[in-house]
Amino acid sequence: MRRVLLMMPVLVAAWVSVPAPRSFAEGGCAAGGTPPPADAAQRQVSDLDWDGRPDTLWVGQFRDGNGRTDRVVGVTTASGDNSQVQVTSASPIPLSALAIDAQQDGQHQIIVSDGRSAHLYVFANCRLQTVADNQGAPFLFDLQNLRDHGTGIGCSDLGPPSAGRHLVGLQALNDGQWTVRRTEIDLNGTLATIGQSDTVAAASAQDPAVTSAQTISCGDLTIAKDGVQQP
């Protein structure tokens with residue numbers, strides 16, 4: 001993962017209460033787009049488009065004109081809007097996806113795992129969009145320490161200077177003593193920036209810090225319990 005410094009000036013009048021930014025009107029998204037395939041796995045998730053109704057996250061596959069199968073992840077809102085992204089992966093492991101609000105600020109992210117790595121998307125302006133790093137490349141999480149970057153994903157508050165809950169990349173290691181390295185991921189729309197890191201010690205392989213660093217979760221949500229799995 002690349003390290004960059006993201007600087008954004010923020011002007012807030014002391015007497016004004018500023019609400020969390022919203023990506024589109026509260027009336028929801030207009031109906032349209034390609035609906036999910038009939039055999040797609042679907043799960044109802046929280047309200048992603050601010051119309052007060054739960055939406056649907058799904059994982060499926062389409063066959064193109066050449067007989068190739070494309071794996072896709074999509075969102076269907078309660079208003080009937082459909083948006084999807086093709087997930088390119090050489091992993092034979094079925095896809096799984098989890099919808100979260102990592103920073104509890106109204107931005108909605110979709111984490112898509114292929115078992116080896118995890119892709120990151122955001123649902124904004126009524127469509128799924130790829131989250132990129134500061135170089136413009138799709139942001140990927142390592143899930144099997146294949147690039148010595150990580151073993152899982154979570155949401156934690158690492159404290160100042162960027163207090164508040166953030167998405168974090170997790171790396172559980174055993175070098176005679178179990179430790180978990182947590183690396184903050186700062187999200188601003190479709191941009192993900194590497195933030196501060198810390199390391200916590202763990203008592204054993206069964207320590208909750210270690211087991212949670214070997215899966216994908218955010219708050220009370222886990223990809224195994226609250227996600228959707230490719231059929």
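Just above sits the structure.
Anyway, here's the lowdown on the structure attached to this text. (Residues numbered from 1 in each chain as written. Predicted model: local features only at pLDDT ≥ 70, side-chain atom pairs only at ≥ 80, totals over all residues. Heavy atoms only, no water.)

## Observations regarding the packing of aromatic side chains
Then, in step 1: Enumeration over the complete set of coordinates arrives at 1 aromatic pair.
Then, in step 2: Both rings, one in Phe139 and one in Phe141, keep their centres 5.2 Å apart while their planes meet at 70°; by these two values the pair is edge-to-face. The pair Phe139 / Phe141 is uniform in exposure class, with both members buried. (Phe/Tyr/Trp six-rings, centres within 6.5 Å; stacked < 30°, edge-to-face > 60°. Buried < 20%, exposed > 50% of the residue type's maximum accessible area, 1.4 Å probe, protein only.)

## Some words on the pairing of strand β11 (residues 166–174)
Then, in step 1: Of all 9 residues that make up β11, 7 are buried, and the element is covered over most of its length.
Then, in step 2: Here strand β10 (residues 152–156) runs beside β11; their pairing, made up of 5 bridges, is antiparallel. Looking at the pairing, Gly152 lines up with Leu170 of β11.
Then, in step 3: Taking the residues that link successive antiparallel strands as the turn, the β11-strand β12 (residues 178–188) hairpin has 3 residues, and the phi of Gly176 there is positive, at about 90°. (Helix = DSSP H or I, 4+ residues; strand = E, 2+ residues; numbered from the N terminus. Pairing = 2+ DSSP bridges.)

## Let's talk about the pairing of β12
Each regular strand carries side chains that alternate between the two faces of the sheet.
Then, in step 1: Note that β11 and β12 share 8 bridges and pair antiparallel. In the strand pairing of β12, Leu170 is matched with Arg182.
Then, in step 2: Linking two consecutive strands that pair antiparallel, namely β12 and strand β13 (residues 191–201), is a turn of 2 residues; a positive phi of about 65° is found at Gly189 within it.

## Regarding the side chain of Thr76
Then, in step 1: Checked against the element boundaries, Thr76 lands in strand β3 (residues 69–76).
Then, in step 2: When its relative accessible area of 17% is taken as the criterion, Thr76 is described as buried.
Then, in step 3: Of the polar contacts made by the side chain of Thr76, one reaches the side chain of Trp58; its length is 3.2 Å.
Then, in step 4: Setting aside anything within four residues of it in sequence, one finds Thr76 in contact with Pro36, Asp55, Thr56, Trp58, Asp81 and Asn82. (Polar contact = N/O pair within 3.5 Å; in protein donor to acceptor, adjacent residues only side chain to side chain. Contact = heavy atoms within 4.5 Å.)

Treat this as a map of the structure, not an account of what it does.
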